[in-house]
Structures are given as C-alpha cells and as structure tokens.
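One letter stands for each residue in the lines below.
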Amino acid sequence: MDVILKGKYIIKCKIKAVTGLHIGEGNNSIEIGGIDNSVVKDAEGKPYIPGSSLKGKMRALMEFAEGKVKDNLLIVSVKRSGKPEICIHMCEDIDCPVCGLFGRNHGKHVTKEEFIRNPNAEGKDFSDAVIPTRLIVRDAKLIESSITDEMKENLDLEWTEVKFENNIDRITSKANPRQSERVPAGAQFLAEFVVNRYEVDGSDDGQRYLSKFIKAMKLLEDDYLGGQGSRGNGKVKFVDIEIVYKDSSDYEKDSSDLKPIAKADSLDQLKLSTN
Ligand SMILES: [Zn+2]
C-alpha cells in the first residue's frame, strides 16, 4: 500500500466542563486522609484530561454511530474464564471511518462471532489494512484562570471539589458513604487534536476524516466524559474552536501566513471552508 502524507488539520479549542467532571486515576488506592476516588492530575498536582480518555470515549461513540457494534465487527480485546469480557470494534476495511481515524492494532484479532463459535479460534492479522493512525489527541491542560477566586471559595481542595455519595441498603438502612473528587463545573482545559490527511493508493482523504472527527466531537458533547455520567457528571462543551490546515509543503515555509479554515465559538457554528 502506498501512503503519502498530504498535510495536517490542527484543531485547537477549549473543553469546558458544563457539569462536574470525574476522570479517575483508575488505581482507586485509599490513602489515609486521602480521597478514595480521586481524579487524574499532572506532575504539578493540577487536574487534566488525558488524551487517551478523550480518544477512547470518542472512538466508542463513533463505533455505535457508524454501525460498527455488531458481533462480526467486534474483536475480543479482553477475555476472562472463556468469555469475551471486553470487545471493541476493529476491522480490515480500508475505508472504515472508525479504524481509519482512530487506528488499528497489529497482531491477530478474533471477532466476537468467531469467539462464540470457537473460543480457541486463532484469529486474523489486519496488518494489510494498517495505515498510520490519522488522529492524534494531546493531553488537555487545565486553564487555571477558568477556576475563579469565587469558585475556589466553594472548593474542598485547591482545584477540585469532593462529593459524598451514599448508597443505602434497602433492608438494613445501612449507609455506605463514598467520596468522589470532581473538577468543578466551569473549569476549562486547553485541547489540541491533529487529523493527518493521507493519499492512500492514489486516493486523497480530503476533508473526510476531519468531518468524521467533528462528528465525534458532537457525539461527545451529547454524551459524557469520565465517570458517573448517568449521575450528572461529565457534560463537556467544545468552545473557541480554530482549525488550521497545514499542507506538507507548508512545513518548508514560514508558518505565519497560515489561515484558519474554520473558526467558531461552538460546534453548532462551525463551518469548514474547502482547501
Ligand atoms: Zn473498522
């Protein structure tokens, strides 16, 4: 397969937490006097949104929206006691919008359908369809000024709030209080995404994958990011969006004359001009 890099779409924006945001650290270890359900923080102790969380959530939403969540289109990613525990979409269709944007893994993959028929199935290598992943997602850093002094007065920790949640046993009425750390509503993060534009065997992507990425952004706004989304957390909005296209030839020139191909306060106002 012949792959040529035509250029890069660079999407810069802010991610605003419309409701409290809980992106967990995952280890859930309990420190004495600590929070038992804390949020991810950078080396300076400030909460941030890991690129992997954004990418993973957007991929999952796109798999559903593009009709890729079917037993013959899912691969078994984690199995436990002979059962497919976690399945994700991955396929060898070169034109697949999900795999094309978010990438494919090397190695052999067994579809959920095959696995149900034969848990020892060997699987298939999709290497012939592997194109370098088009989407790159940077970690989104907290914009410190978005957490105002007024907001800080209501916070339990320097940048975050701690919520108590209570599960009550229906028979004994025994309560099981649990703490959960959240980034407060109103906090903003600086985000950057890159969508690579390729020419694959003579066929130019054009704006196809950029449009698909914008679809993934819209899907995320109407879903949630992080944990406890069904209980009110994790509504986010993309604001102050600017998209610039850099042609591969632009990398040999001064970048000062690059013009945005789209600029908008929010996704509903975003219109792409062609290039
Ligand atoms: Zn696919």
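For the structure, see preceding data.
Quick caveat, the model's predicted, so the values are computed rather than measured.

Here strand E1 (residues 3-17) runs beside strand E11 (residues 188-200); their pairing, made up of 13 bridges, is antiparallel. Bridge pairing links Lys-12 to Glu-192 in E11. With 10 bridges joining them, E1 and strand E13 (residues 236-247) adopt antiparallel strand pairing. The residue bridging Gly-7 from the neighbouring strand is Asp-247, located in E13.

The terminal C-alpha atoms of helix H1 (residues 51-65) lie 21 Å apart, and with 15 residues this matches the ideal 21 Å at 1.5 Å per residue to within 8%. Listed as buried for H1 are Gly-51, Leu-54, Met-58, Arg-59, Leu-61, Met-62 and Glu-63. Count one or two residues on from H1 and you reach Gly-67, which has phi positive near 70 degrees.

Here we take up the coordination of the zinc ion. Distances from the zinc ion to its protein donors, His-89 (NE2), Cys-91 (SG), Cys-96 (SG) and Cys-99 (SG), fall within 2.1 to 2.3 Å. The site at the zinc ion holds four donor atoms, and with the angles between them running 103 to 115 degrees, its shape is tetrahedral. Positions of the donor residues of the zinc ion, expressed as sequence spacing, correspond to H-x1-C-x4-C-x2-C. Look at Cys-91 and you get buried, because its relative accessible area is 9%.

Next up on the list: the side chain of His-89. Assignment of secondary structure puts His-89 in strand E4 (residues 83-89). In this structure, His-89 is in contact with Arg-59, Glu-63, Lys-68, Leu-73, Leu-74, Cys-96, Val-98 and Cys-99, ignoring residues within four places of it in sequence.

So, on to the nonpolar core. Residues Phe-193 and Phe-238 are the most contacted members of the largest nonpolar core, which totals 53 residues. Counting residues per element, this core draws most heavily on helix H5 (residues 208-221), which supplies seven residues. Beyond its immediate chain neighbours, meaning those up to four positions away, Phe-238 contacts Cys-13, Lys-14, Ile-15, Met-58, Phe-193, Met-217, Leu-220, Glu-221, Asp-265, Ser-266 and Leu-267.

What follows concerns the pattern of salt bridges. All chains considered together, the criterion is met by 21 salt bridges. Lys-12 serves as the salt-bridge partner of Glu-192, at 3.9 Å between the closest nitrogen and oxygen. Linking Glu-192 in strand E11 with Lys-12 in strand E1, this pair joins segments that are 180 residues apart in sequence. Take Glu-192: its relative accessible area is 22%, and that puts it in the partly exposed class. Judged by its relative accessible area of 46%, Lys-12 falls in the partly exposed class. With a closest N to O distance of 2.6 Å, Lys-108 and Glu-122 form a salt bridge. On the criterion of sequence distance, the pair formed by Lys-108 in strand E5 (residues 108-109) and Glu-122 in the loop between helix H3 (112-117) and strand E6 (124-125) is long-range, its members being 14 residues apart.

Attention now moves to H5. In this model, H5 (14 residues) spans 21 Å end to end at C-alpha, consistent with the 20 Å of a helix rising 1.5 Å per residue. Looking at H5, one finds that the buried residues are Tyr-209, Leu-210, Phe-213, Ile-214, Ala-216, Met-217, Leu-220 and Glu-221. In an axial view of H5, the angular spread of the buried residues amounts to 155 degrees, which keeps them on one side of the axis.

Criteria and thresholds
Residues numbered from 1 in each chain as written. Predicted model: local features only at pLDDT ≥ 70, side-chain atom pairs only at ≥ 80, totals over all residues. Heavy atoms only, no water. Pairing = 2+ DSSP bridges. Helix = DSSP H or I, 4+ residues; strand = E, 2+ residues; numbered from the N terminus. Expected span 1.5 Å × (residues − 1). Buried < 20%, exposed > 50% of the residue type's maximum accessible area, 1.4 Å probe, protein only. Donors = N, O, S within 2.8 Å, 3.2 Å for Na, K, Ca; no water. Tetrahedral: all angles 85-135°; square planar, octahedral: opposite > 155°, others 65-115°. Contact = heavy atoms within 4.5 Å. Core = buried A, V, L, I, M, F, W, Y, C linked by side-chain atoms within 4.5 Å. Salt bridge = Lys/Arg side-chain N within 4 Å of Asp/Glu carboxyl O. Arc of directions from axis to C-beta.

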